[in-house]
Amino acid sequence: MNIIDTPSPNFDARSLPVSIIVLHYTGMQTAQAAIDRLRDPEAKVSAHYLVAEDGQILRMVAEDQRAWHAGKSRWRGIEDVNSASIGIEIVNPGHEFGYRPFMEEQIDAVVRLVADITERHRITRGNVVGHSDIAPTRKQDPGELFPWSRLAKVRLALPRPTKGLMDPMWTDAGFLVALERFGYDVTDKLAAVVAFQRRFRPELIDGVIDGECRSILLALLLPKPTGDDG
Ligand SMILES: [Zn+2]
């Protein structure tokens, strides 16, 4: 992989082993503005990698260091997500500056990069997440246009369940218990449901717990026999 070193001073030491990959969009008007900010000591933000729209990958922080991309967040009980994760910024103006589809070459590069990282760190595909999954009250990135199915197809992220969907008829409280069991911080119930929809049912993000949401979450939680979860 052709990776250009573009070091950022914004990092410190990890206190947890790497077990999560967090995908972001840059959410700035230009790629250069995002790169400048991620290297600005005053901004106190960074990521391990940035993937440009043409697929060029920049390395900004070494993987054995703790980059500063997650902010206040939680996933599967881990609160210092920065310590436990590798952060990848994907160039896109985001919801604030003209959210648009990600580029083909860009997603190809993300797939190669995530494949390489998950193999080296033995990261499970349920722990390849978006920023909004770990910080539902604050974040929307990488957003509903991110093609998770491209990662899922090569087993780098969880696929959206489509087969044998059954509505478990949970109450809203039951759904939230199950959502927390899956990994989300459900302190803010509406934000958690919206984040779940953005990731697993992007065509309707309304915060309403309907039968389709319940059936998708049930399918994600059901244990699957080895080799039969494609
Ligand atoms: Zn982010």
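Residues numbered from 1 in each chain as written. Predicted model: local features only at pLDDT ≥ 70, side-chain atom pairs only at ≥ 80, totals over all residues. Heavy atoms only, no water.

K.L.:
Pulling in residues and values, what's your account of the sheet that holds strand β7 (residues 85-90)?
P.N.:
Spatial ordering of the open sheet is given by β1-β5-β4-β7-β3-β8, a layout of six strands whose pairing is mixed. Looking at the sheet topology across the chains shown, the edges are occupied by β1 (3-5) and β8 (128-130). Mean inter-strand twist for the sheet, computed between neighbouring axes without regard to direction, equals 25°. Sheet topology places β1 next to strand β5 (residues 57-59); three bridges connect them, and they run parallel. (Pairing = 2+ DSSP bridges. Helix = DSSP H or I, 4+ residues; strand = E, 2+ residues; numbered from the N terminus. Axes fitted to C-alpha atoms, helices over the stretch in contact; angles between N-to-C directions.)

K.L.:
Tell me about the coordination of the zinc ion, and please be specific about residues and values.
P.N.:
Those protein atoms acting as donors to the zinc ion are H24 (ND1), H131 (ND1) and D141 (OD), and they sit at 2.1 Å. Taken in chain order, the donor set of the zinc ion reads H-x106-H-x9-D. With a gap of ten residues between them, H131 in helix α5 (residues 131-134) and D141 in the loop between α5 and α6 (148-153) connect regions that are remote in the sequence. Take H131 and D141: they sit in the same class, and that class is buried. (Donors = N, O, S within 2.8 Å, 3.2 Å for Na, K, Ca; no water. Buried < 20%, exposed > 50% of the residue type's maximum accessible area, 1.4 Å probe, protein only.)

K.L.:
Please give an account of the pattern of salt bridges that cites residues and values.
P.N.:
Applying the stated rule across the entire model yields 17 salt bridges. Salt-bridge contacts for R150 lead to D108; the nearest nitrogen and oxygen are separated by 2.8 Å. Here D108 lies in helix α4 (residues 104-121) and R150 lies in helix α6, a separation of 42 residues in the sequence. Judged by relative accessible area, D108 falls into the partly exposed class, the value being 30%. Each of the salt bridges in this network shares a partner with another, and the network as a whole consists of R160, R201, E203, D206, D210 and E212. (Salt bridge = Lys/Arg side-chain N within 4 Å of Asp/Glu carboxyl O.)

All we've got here are geometric facts, nothing functional implied.
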